[in-house]
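Chain by chain, the residues run as shown.
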Amino acid sequence: MAQEFWTEIKLPDRSPETLAEARGHLGLIEAPRDAIWLASVVKIIAVDYGYLESVRGGASAWGDGAPIPMYTYSLIEYLRALDFSQSDIMEFGAGQSTKFWAARARSVVALENDAAWIEKLKEAAPPNVTLVHASDMPAAFRALDRAFDIIIVDCKANRFDCAQAAIERLAPGGMVILDNSDWYPNTAKLLRDADLIQVDFPGLRPGRAHACATSLFLHRAFVARPAGERLPLAPAGGKPRPSGPWDQPSKPA
């Protein structure tokens, strides 16, 4: 993908080379610092975040091709760093997000009001996913009569009503995810008023040319469990750096 995106560079007296091959010869290329840095930022979004792959393929994907939700990239980075292996997920609305959660969680139940779409998703649904056609999503959710650790409100339906139902079935220590939260201020207030902690993640998202916000609403008993040895992870396109002396006590305990 990187070689597709970056155009070939003609070096003096040499055959055309890709940027990756030319990195050792960048002294031959004159460009303002702001242009070089802007190119680096564009590469992070286009390649590392998988933005180009998402646009070209018509489905949200990370830089490595793995399916991701159409949440903001900042939230996706955070969720990728957490351990959901013991979590039960419920989605109002199914799609690439269902595949994302299925790869991380113990179980996923997704409600969808588009019958044709849900039949297409069932063709490749993994064993830990249950897809349910529901014309009335809040009623179908309440009929499940169980609690969930993570509830996602991201559907073509009344999100206020779905969020109200989510509040009733959120497990202690869980979270509600409200996508496009900047478009649903009343729904966000409803969740805040339920004594959930609102954390907004504004920014860009896969396959769209405008910024928006996806918000977490955390139960007061929520505990972040890292998927690896550290939290946060080094972000896509980040600069890896080991923990140094400024990340340690200055004096022995």
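Use the structure listed above.
A short tour of the structure in this document, coming up.

1. What about the sheet that holds strand β4 (residues 148-153)?
Then, number 1: Strand order across the open sheet formed by seven strands is β3-β2-β1-β4-β5-β7-β6, with mixed pairing between neighbours. Strands at the two margins of the open sheet, each flanked by one partner only, are β3 (129-133) and β6 (197-203). Pairwise comparison of adjacent strand axes, ignoring direction, gives a mean angle of 15 degrees for this sheet.
Then, number 2: Sheet analysis places strand β2 (residues 107-112) next to β3, joined by five bridges and oriented parallel.

2. Examining the packing of helix α8 (residues 137-144) against helix α9 (residues 159-169)
Then, number 1: For the pair α8 and α9, the least separation of the axes is 9 Å and the interaxial angle reads 10 degrees. Our classification of the angle between α8 and α9 gives roughly parallel. Residue-level contacts link Met137, Pro138, Phe141 and Arg142 of α8 to Asp161, Cys162, Gln164, Ala165, Ala166, Glu168 and Arg169 of α9.

3. Side note on the pattern of salt bridges
Then, number 1: A full pass over the atoms with the stated rule returns ten salt bridges.
Then, number 2: The partner of Arg142 in a salt bridge is Glu168, with the nearest N and O atoms 2.9 Å apart. Placement of the pair is Arg142 in helix α8 and Glu168 in helix α9, with a sequence separation of 26 residues.
Then, number 3: Across the pair Arg220 and Asp195 runs a salt bridge whose closest N-O atoms are separated by 3.2 Å. Of the two residues, Arg220 sits in the segment after β7 (212-218) while Asp195 sits in the loop between α10 (185-193) and β6, which places them 25 residues apart along the sequence.
Then, number 4: Classification of Arg220 as exposed rests on a relative accessible area of 53%.
Then, number 5: Judged by relative accessible area, which is 45%, Asp195 ranks as partly exposed.
Then, number 6: Each of Asp88, Arg106 and Arg146 takes part in a single network of salt bridges with overlapping partners.

4. Focus on the packing of α9 against α10
Then, number 1: Across the interface, α9 lies against α10 with an axial gap of 9 Å and an inter-helix angle of 10 degrees. Between α9 and α10, the interaxial angle falls into the category roughly parallel. In this structure, the crossing between α9 and α10 has a hand that is right-handed. Across the interface between the two elements, Arg159, Phe160, Ala163, Gln164 and Ile167 of α9 pack against Asn186, Thr187, Leu190 and Leu191 of α10.
Then, number 2: When grouped by side-chain class, the residues that make up the contact of α9 with α10 number five nonpolar, three polar and one charged.

5. Focus on the side chain of Thr98
Then, number 1: By secondary structure assignment, the location of Thr98 is in helix α6 (residues 96-102).
Then, number 2: Using a relative accessible area of 7% as the deciding quantity, one classes Thr98 as buried.
Then, number 3: In this structure Thr98 touches Glu91, Val108, Ala110, Val129 and Leu131, once residues within four positions along its chain are discounted.

Cut-off values and rules
- Residues numbered from 1 in each chain as written.
- Predicted model: local features only at pLDDT ≥ 70, side-chain atom pairs only at ≥ 80, totals over all residues.
- Heavy atoms only, no water.
- Pairing = 2+ DSSP bridges.
- Helix = DSSP H or I, 4+ residues; strand = E, 2+ residues; numbered from the N terminus.
- Axes fitted to C-alpha atoms, helices over the stretch in contact; angles between N-to-C directions.
- Parallel < 35°, antiparallel > 145°, perpendicular 65-115°, else oblique.
- Contact = heavy atoms within 4.5 Å.
- Salt bridge = Lys/Arg side-chain N within 4 Å of Asp/Glu carboxyl O.
- Buried < 20%, exposed > 50% of the residue type's maximum accessible area, 1.4 Å probe, protein only.
- Left-handed = near helix turned anticlockwise from the far one by under 90°.
- Nonpolar A, V, L, I, M, F, W, Y, C, P; charged D, E, K, R; others polar.

From the geometry alone we can't say anything about function, so treat these as descriptive.
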